[in-house]
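The chain contents come next:
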Amino acid sequence: MSVTGTLAVPGAVLHHRTEGTGPLLLIAQSGEGDADRTVDLVPHLADTHTVLTYDRRGLSRSRLDHPERGTSLAEHADDVRRLLEAVADGPALMLGCSFGAVIGLHVAARRPGLLRTLVAHEPVAPGLLPPAEAARHRRELVELQELYGRAGLAAVLPEMARVLGIDPAAADAEPGLTPQPLDARRAAGFDRFIRHDFTAVVEDVLDLAAVRAAPTRIVPAVGRTTPPEVFDRRCAQALGALLDTPVEVLPGGHNGNTSHPRAWAARLKELFAQAD
């Protein structure tokens, strides 16, 4: 049984949901993903964990006091802190996917002791990369924002997929997945993500020394089919080098959490059990 609730935070009210029993596991979604994005993954984790999902501020059911205002990654990380302090009774586990992985890295760096283990899957964090490469990828994100402003969502989605190494035509997926059409709610989420969260990534200054020194066990991860040269995989590899730790390879690509939920759940349980 899932339980939904809301939490008032500075400038917003966050929608969140918990399901299952056991150690608390927070999932921070990628892109436009809200609390429902991992609808197929959560049931395979909820038999051993209390799974907490939420709508980031500005997405879906999480209300903003000032919708026109952007949100920094520090503010997103503070939202996670407040959620965990309200729900958890000790250090939590966290799965961060893409943008959610960067939020997790900020939490680990800024709030020592809040997270026991963070699995950071393909973080979109240019600051992990050498300066010239980081600058190039920041320009890519700004160009995607400009394309979206000129030509809309239909034009920018293929370019976003290219930048992140996503093959929209890939047939590699587990059977019986819940359809997730590009409906009005997801379109509004993409609008928020592209117009505001891209800016948060471009402007972000991740404290690499604090990440390296964090007591949180950080597990960098990539998708098996994500091309080795693309932005998000390069960031995960750089995180592994920073921490001097192996990079975990998970099934599927950048969105393997939605395309391979059963396989992901099985491997995540193994990774989180290693922290015990």
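What counts, and where the lines are drawn
- Residues numbered from 1 in each chain as written.
- Predicted model: local features only at pLDDT ≥ 70, side-chain atom pairs only at ≥ 80, totals over all residues.
- Heavy atoms only, no water.
- 1 Å grid on protein atoms, 1.4 Å probe; cavity = no way out; pocket = protein on both sides within 12 Å on 5 of 7 lines; lining within 4 Å.
- Points joined across faces, edges and corners; volume = space filled by probe spheres on them.
- Helix = DSSP H or I, 4+ residues; strand = E, 2+ residues; numbered from the N terminus.
- Nonpolar A, V, L, I, M, F, W, Y, C, P; charged D, E, K, R; others polar.
- Axes fitted to C-alpha atoms, helices over the stretch in contact; angles between N-to-C directions.
- Parallel < 35°, antiparallel > 145°, perpendicular 65-115°, else oblique.
- Left-handed = near helix turned anticlockwise from the far one by under 90°.
- Contact = heavy atoms within 4.5 Å.

**Quick look at the layout of surface pockets**
Thought 1: Quantified by volume, the largest pocket comes out at close to 1000 Å³.
Thought 2: Lining the largest pocket are 42 residues, with Arg37, Ile166, Pro168, Asn255 and Thr258 positioned closest to its centre.
Thought 3: In terms of residue count, the dominant contributor to the lining of the largest pocket is helix α4 (residues 153-164) (six residues).
Thought 4: Across the lining of the largest pocket, the residue classes tally to 21 nonpolar, 15 polar and six charged.
Thought 5: The computed volume of the second largest pocket comes to approximately 220 Å³.
Thought 6: What lines the second largest pocket is a set of 15 residues, and nearest its centre among them are Asp34, Asp36, Gln180, Arg185 and Arg186.

**Considerations on the packing of helix α3 (residues 131-151) against α4**
When two helices pack together, their arrangement is captured by the angle between the axes and the distance separating the axes.
Thought 1: It is at 8 Å that the axes of α3 and α4 come closest, and there the two elements cross at 160°. Between α3 and α4, the interaxial angle falls into the category roughly antiparallel. Remark: the crossing between α3 and α4 carries right-handed chirality. Contacts from Glu140, Leu144, Leu147, Tyr148 and Ala151 in α3 reach Leu153, Ala155, Val156, Glu159, Met160, Arg162 and Val163 in α4.
Thought 2: For the contact of α3 with α4, the class distribution of residues is nine nonpolar, no polar and three charged.

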